[in-house]
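# Coordinates in review
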Amino acid sequence: MDPRPPALDEQILARLETVPHGRATAKSLLKELRLRSHGERLALDEALTRLIERGRLIELRGGQFVLPARTRDYAIGRLSMHRDGYGFVIPDTPPAGLDGDIFIPPRHTGHAMHGDRVLARINRFDPNGRAEGEIERVLSRAHPTIVGEFRYHKRGCFVIPHDRRILNEVLIPEGLELPPPEPNPDRIGASAAPPESPRDLDRLIVNVELLDYPDRDSTQAIGRVIEILGHPNDFGVDVEVTIRKHHLPHRFPAEVLEQAQSVPAIIRAEELEHRRDFRAEDCVTIDGETARDFDDAVWVDRTPEGHFLLHVHIADVSHYVRPGTPIDREAFLRGTSVYFPDRAVPMLPLELSTEICSLKPHVERLSMSALLTIDHRGDVIRQEFCRSIIRSAARMTYTDVHGILEGDEGLRAQYAGLVPRFELMRELALILNRKRTRRGSIDFDLPEPIVVFDEHGLMISIARAPRNIAHRIIEEFMLAANEAVSAHLEARLEESVYRIHETPDPKRVAEFEETAARFGFSLGFGATPGKRFRNITRTSLGQKPRRDVTIADPGLKVTARMYQKLVAQIEGRPEERIVSYLMLRSLKQARYSNKNHGHFALAAESYTHFTSPIRRYPDLLVHRLLGSLFDGRPARMANLEAITGHCSDTERRAAEAERELMEWKKVKFMAERLGDEFPALVISITRFGFFVELDELYVEGLVPIDTLPGERWTWQENARVLRGDRTRREIAAGDRLAVRLDRVDWMDRKLVFSLAEPDRPKRTGKHRRNGGKLK
């Protein structure tokens, strides 16, 4: 965990805020900060290096240092490459006037690789805020290792990266082709049989440690093989590749395992003196069938006044994972557990995550409890937080609780003593949901795909994840506890951990409003949206003229209630899937922060994550902050801004890995269905074709424009449709049609479809085309 930034760092930044143009040399900083000794000079060099690496300072040619916000000529950010050789720099702090990312042509990417943190020089802006530049310097490398396919050749072996955005092949010098033999401590993945010679490695998937990166003298990287994962189509290799591609920490160091194994399972008697005893409560956990780590247990009752009493008990991980210990350092590094369709990469060792901390049934467990008294409108009228001990009465599943509430006689008889409790839970959950609805909270109900396996671990289908009243119960109870804890900490601490979701960008909202209008929907900005939005044609640097760009009123006021009303309007309509998807794209991504900016989608003034400390590090931090209040010593964590930023990064990394593996699984599943036809929904239109989502399988793919039958089709950019030149037929987002799977692109792991019949696509609703009628 990063320590508090040294005072010298802050002095440098403060000084640069005051000097003209925000620039200074090291020599001038020595003088102005009155640093005279040799040690102070070294400290300044170290501080400048530290600030540059963190992106808080830019070093210009000539030895000048400048704040990123004080220059339009340079930007620090992450390089995102395309397999065709060009890239974009996503700036940490966009320079004034920049709208979007910085386009980097192939000739100007230098020796940077995809994902690297770079300093980019901006060579020119266009009138609409687009920028083109070049890579000035690589600040930090994204890939200490690269996973890919080994190729044997007599003249020299090399590895082709699995990630096609990494354009550099990795040369493997003679003698470095075979990894050293060692026991595999990885309890997640499986090891491959050791090869006898480099020739045996040909076309196997390997993990390579980079020894030298591309530079001005060579465009190739040099590395050594450190792991052999197996053949590309071996069972489980897709998971191993995804883990290594995204650099997910998946092997617990020996000291972490040693500490985990030494944690006592027995609760000492003196520990109970400081805890509330809820062992007599018949609280329960409610999770999925395959869950092994149980974070939360819930219990509901009525008070004599007729209010609801909600107890949310959360595993007290902070009791076992103390700051600065080996387990804590590893948990911080991981940030979160990662869940794949057929396995998980846990944040904590199994001894804790599935045993000592997990709220298993009929055993005593330490917990942190939120005790909420809630009235008939869903308002919390009294709250209390404490350390506690519980004994869960049952390990329930969503399926069983749903069955009980739907009247399943067998289940109601099996859990007869708990049935009244579950009915009370349903009543309270619906009240809490109505309260959130009144204040404007958004509830998207987008289908979430899951891979279904048989008893041998083979994929048999891709289905929609079930969602029922039991899911709603847990969701509403966790939301209530998270809000209550957040408000409690905010009122008592100078700084806390928040889960924030900021107000969407007006430009994205304007673009969504424009698209939604074509389906006959609106967020409700009034009858004259044209006064708020106007289009101009602009050319993106490094590309051909592409599309009209919406310019939004910077004073545009948008609320969660607007989105909520639109969600209600489209419910059950044919356009629901596509409009919901577009709505989500218009919103910002939720993240962790040490500053409270509210939660837009939940319409909550203060929100945090308290309820999953077994699998999320921010929740563990929140438990420590809450515990500091119990102990009468309010905590102030060092460098909380950097810590919450790191937690957001690890969350995004996990989400990208989970999403990518799911797409890979889908492609594998569909590969056996070449030539089959499927009903599909058009979800987006591009100049090169349109993307569809299959109705029952939640699988996406492309229908290329050059495969459309009967005539030449062109992309109508303003209308966002594909139109047949002769018949004037149109294909637009929201259309339903039948497609045939033609090809699987294994390199990019994408599916390519064609129209299954030349008949005109069926319309799903009203599509307005510049005031004209659809022919």
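For the structure, check the block above.
So, here's what we can say about the structure. (Residues numbered from 1 in each chain as written. Predicted model: local features only at pLDDT ≥ 70, side-chain atom pairs only at ≥ 80, totals over all residues. Heavy atoms only, no water.)

### Section: the pairing of strand E33 (residues 721–724)
Going residue by residue along E33, you find Val721 and Arg723 tucked away on one face and Leu722 and Gly724 tucked away on the opposite face as well. Judged from the four bridges that link them, strand E32 (residues 713–716) and E33 form a sheet pairing that is antiparallel. Within the sheet, the bridge partner assigned to Trp715 lies in E33 and is Leu722. By the bridge criterion, three bridges tie E33 to strand E34 (residues 730–732) in an arrangement that is antiparallel. Bridge pairing links Arg723 to Glu730 in E34. From the end of E33 to the start of E34, which pair antiparallel, there are five residues, and Arg728 there has a positive phi angle of about 65 degrees. (Buried < 20%, exposed > 50% of the residue type's maximum accessible area, 1.4 Å probe, protein only. Helix = DSSP H or I, 4+ residues; strand = E, 2+ residues; numbered from the N terminus. Pairing = 2+ DSSP bridges.)

### A short note on the pairing of strand E30 (residues 689–694)
Within E30, five of the six residues are buried, which leaves it mostly tucked inside the rest of the structure. Alignment of strand E29 (residues 677–686) against E30, held across six bridges, turns out to be antiparallel. Within the sheet, the bridge partner assigned to Thr686 lies in E30 and is Gly689. In this structure, the hairpin formed by E29 and E30 is closed by a connection of two residues. Taking the residues between adjacent antiparallel strands as the criterion, E30 and strand E31 (residues 700–704) are bridged by five residues, where Tyr698 takes a positive phi near 55 degrees.

### Remarks on the layout of surface pockets
Size it by volume and the second largest pocket reaches roughly 570 Å³. If you trace the second largest pocket, you find 28 residues lining it, with Ser318, Arg322, Pro323, Arg624 and Asp631 closest to the centre. Elements with a minimum of two residues in the lining of the second largest pocket: helix H6 (317–320), helix H7 (326–334) and helix H16 (617–630). It is H16 that provides the largest number of residues to the lining of the second largest pocket, a total of six residues. (1 Å grid on protein atoms, 1.4 Å probe; cavity = no way out; pocket = protein on both sides within 12 Å on 5 of 7 lines; lining within 4 Å. Points joined across faces, edges and corners; volume = space filled by probe spheres on them.)

### Things to note about helix H4 (residues 237–245)
In terms of burial, H4 is a largely internal element, nine of the nine residues being buried. Taken as a whole, H4 has its buried residues at Val237, Asp238, Val239, Glu240, Val241, Thr242, Ile243, Arg244 and Lys245. Contacts made by the buried residues of H4 are with strand E9 (145–151), strand E12 (205–212), strand E13 (221–230), strand E18 (338–340), strand E19 (343–345) and helix H17 (640–670). Immediately beyond the C-terminal end of H4, within one or two residues, lies His247, with a positive phi of roughly 55 degrees. (Contact = heavy atoms within 4.5 Å.)

### Concerning the side chain of Glu730
As for its placement among the helices and strands, Glu730 is situated in strand E34. Side chain to side chain, Glu730 and Arg723 meet in a polar contact 2.7 Å long. (Polar contact = N/O pair within 3.5 Å; in protein donor to acceptor, adjacent residues only side chain to side chain.)

### Observations regarding unusual backbone geometry
The backbone phi angle of His362 is positive, close to 70 degrees, even though this residue is not glycine. Mapping His362 onto the fold places it in the loop between helix H8 (350–356) and strand E20 (364–374). For His362, a relative accessible area of 57% corresponds to the exposed category. The phi angle at Arg749 is positive, at roughly 55 degrees, despite the residue not being glycine. Mapped onto the fold, Arg749 is located in the loop between strand E35 (736–745) and strand E36 (750–755). On the basis of relative accessibility, which here comes to 23%, the residue Arg749 falls in the partly exposed class.

### Examining the environment of Asp742
Residue position: Asp742 is located in strand E35. Look at Asp742 and you get partly exposed, because its relative accessible area is 39%. Here the alpha-carbon distance between Asp742 and Ala756, two residues 14 residues apart in the chain, equals 10.0 Å.

### Considering the sheet that holds strand E3 (residues 64–66)
The strand order across the open sheet built from three strands is E1-E3-E2, with neighbouring strands paired in antiparallel fashion. Only two strands of the sheet have a single neighbouring strand rather than two, namely strand E1 (23–25) and strand E2 (58–59). Bridge count for E1 against E3 is three bridges, and the pairing is antiparallel. Paired with Ala24 across the strands is Phe65, a residue of E3.

### Looking at the sheet that holds E34
Reading across from one edge, E32-E33-E34 is the order of the three strands in this open sheet, with antiparallel pairing throughout. Taken across any chain shown, the strands that pair with only one partner, and hence form the sheet edges, are E32 and E34. The sheet shows a mean angle of 25 degrees between the axes of neighbouring strands, taken without regard to direction. (Axes fitted to C-alpha atoms, helices over the stretch in contact; angles between N-to-C directions.)

### Comments concerning helix H5 (residues 254–262)
For H5, every residue scored as buried is listed here: Val256, Leu257, Gln259 and Ala260. Each buried residue of H5 lies within a common arc of 165 degrees when the element is viewed along its axis, so the set occupies one face. In H5, those exposed residues whose orientation departs by more than 90 degrees from the buried face are Ala254, Glu258, Gln261 and Ser262. Where H5 is buried, its residues contact H7 and H8. (Arc of directions from axis to C-beta.)

### Side note on the pattern of salt bridges
Evaluation of the coordinates by the stated rule reveals 59 salt bridges. We note a salt bridge from Arg15 to Glu32, for which the minimum N-O separation is 2.9 Å. With Arg15 in helix H1 (residues 7–18) and Glu32 in helix H2 (residues 26–32), this residue pair connects regions lying 17 residues apart in the sequence. Relative accessible area serves as the criterion here: at 34%, Glu32 is assigned to the partly exposed category. With its nearest N and O atoms 3.7 Å apart, the salt bridge here joins Glu255 to Arg329. In this pair, Glu255 is assigned in helix H5 and Arg329 in helix H7, connecting sequence segments 74 residues apart. Within this structure, Arg436, Asp443, Arg467, Arg472, Glu475 and Glu476 form a network of salt bridges that share partners. (Salt bridge = Lys/Arg side-chain N within 4 Å of Asp/Glu carboxyl O.)

### Side note on the environment of Gly148
Within the secondary structure, Gly148 is located in strand E9. Not counting the four nearest positions on each side in its chain, Gly148 is found in contact with Val159, Ile160, Pro161, His162, Leu204, Ile205 and Val206.

### Re the nonpolar core
Ranked by size, the top nonpolar core spans 85 residues in total, and within it Phe422 and Phe477 carry the most contacts. Ignoring any residue separated from it by four or fewer positions in sequence, one finds Phe422 in contact with Val284, Ile286, Met396, Val401, Ile404, Leu405 and Ile473. (Core = buried A, V, L, I, M, F, W, Y, C linked by side-chain atoms within 4.5 Å.)

### A short note on the packing of aromatic side chains
Taken as a whole and assessed by the stated rule, the structure comprises seven aromatic pairs. The interplanar angle of 90 degrees and the centroid separation of 6.0 Å between the aromatic rings of Tyr86 and Phe88 together place this pair among those described as edge-to-face. For Tyr86, a relative accessible area of 25% gives the class partly exposed. Overall, Phe88 belongs to the partly exposed group, its relative accessible area being 25%. An aromatic cluster of at least three residues, connected via ring pairs, comprises Tyr86, Phe88 and Phe103. Of note, Arg334 hangs over the ring of Phe252, and the distance from its end group to the ring centre comes to 3.7 Å. Seen from the ring of Tyr592, Arg499 lies directly overhead, with NZ or CZ sitting 4.6 Å from the centre. (Phe/Tyr/Trp six-rings, centres within 6.5 Å; stacked < 30°, edge-to-face > 60°. Lys NZ or Arg CZ within 6 Å of the ring centre and 35° of its normal.)

### Brief notes about the packing of helix H14 (residues 560–570) against helix H15 (residues 576–586)
Any two packed helices are characterised by the angle at which their axes cross and by the distance between the axes. Where H14 contacts H15, the axes come no closer than 10 Å and their chain directions differ by 165 degrees. If you check the angle between H14 and H15, you find them roughly antiparallel. The crossing of H14 and H15 is left-handed. In contact with Tyr563, Leu566, Val567 and Ile570 of H14, H15 contributes Glu576, Val579, Ser580, Met583 and Ser586. For the contact of H14 with H15, a count of residues per class yields six nonpolar, two polar and one charged. (Parallel < 35°, antiparallel > 145°, perpendicular 65-115°, else oblique. Left-handed = near helix turned anticlockwise from the far one by under 90°. Nonpolar A, V, L, I, M, F, W, Y, C, P; charged D, E, K, R; others polar.)

### So, the packing of helix H12 (residues 469–492) against H16
In the contact formed by H12 and H16, the axes pass within 11 Å of each other and the chain directions differ by 55 degrees. When the interaxial angle is binned, H12 and H16 end up oblique. Crossing of H12 over H16 shows left-handed handedness. Facing Val485, His488, Leu489 and Arg492 of H12, the residues of H16 in contact are Val622, Leu625, Leu626 and Leu629.

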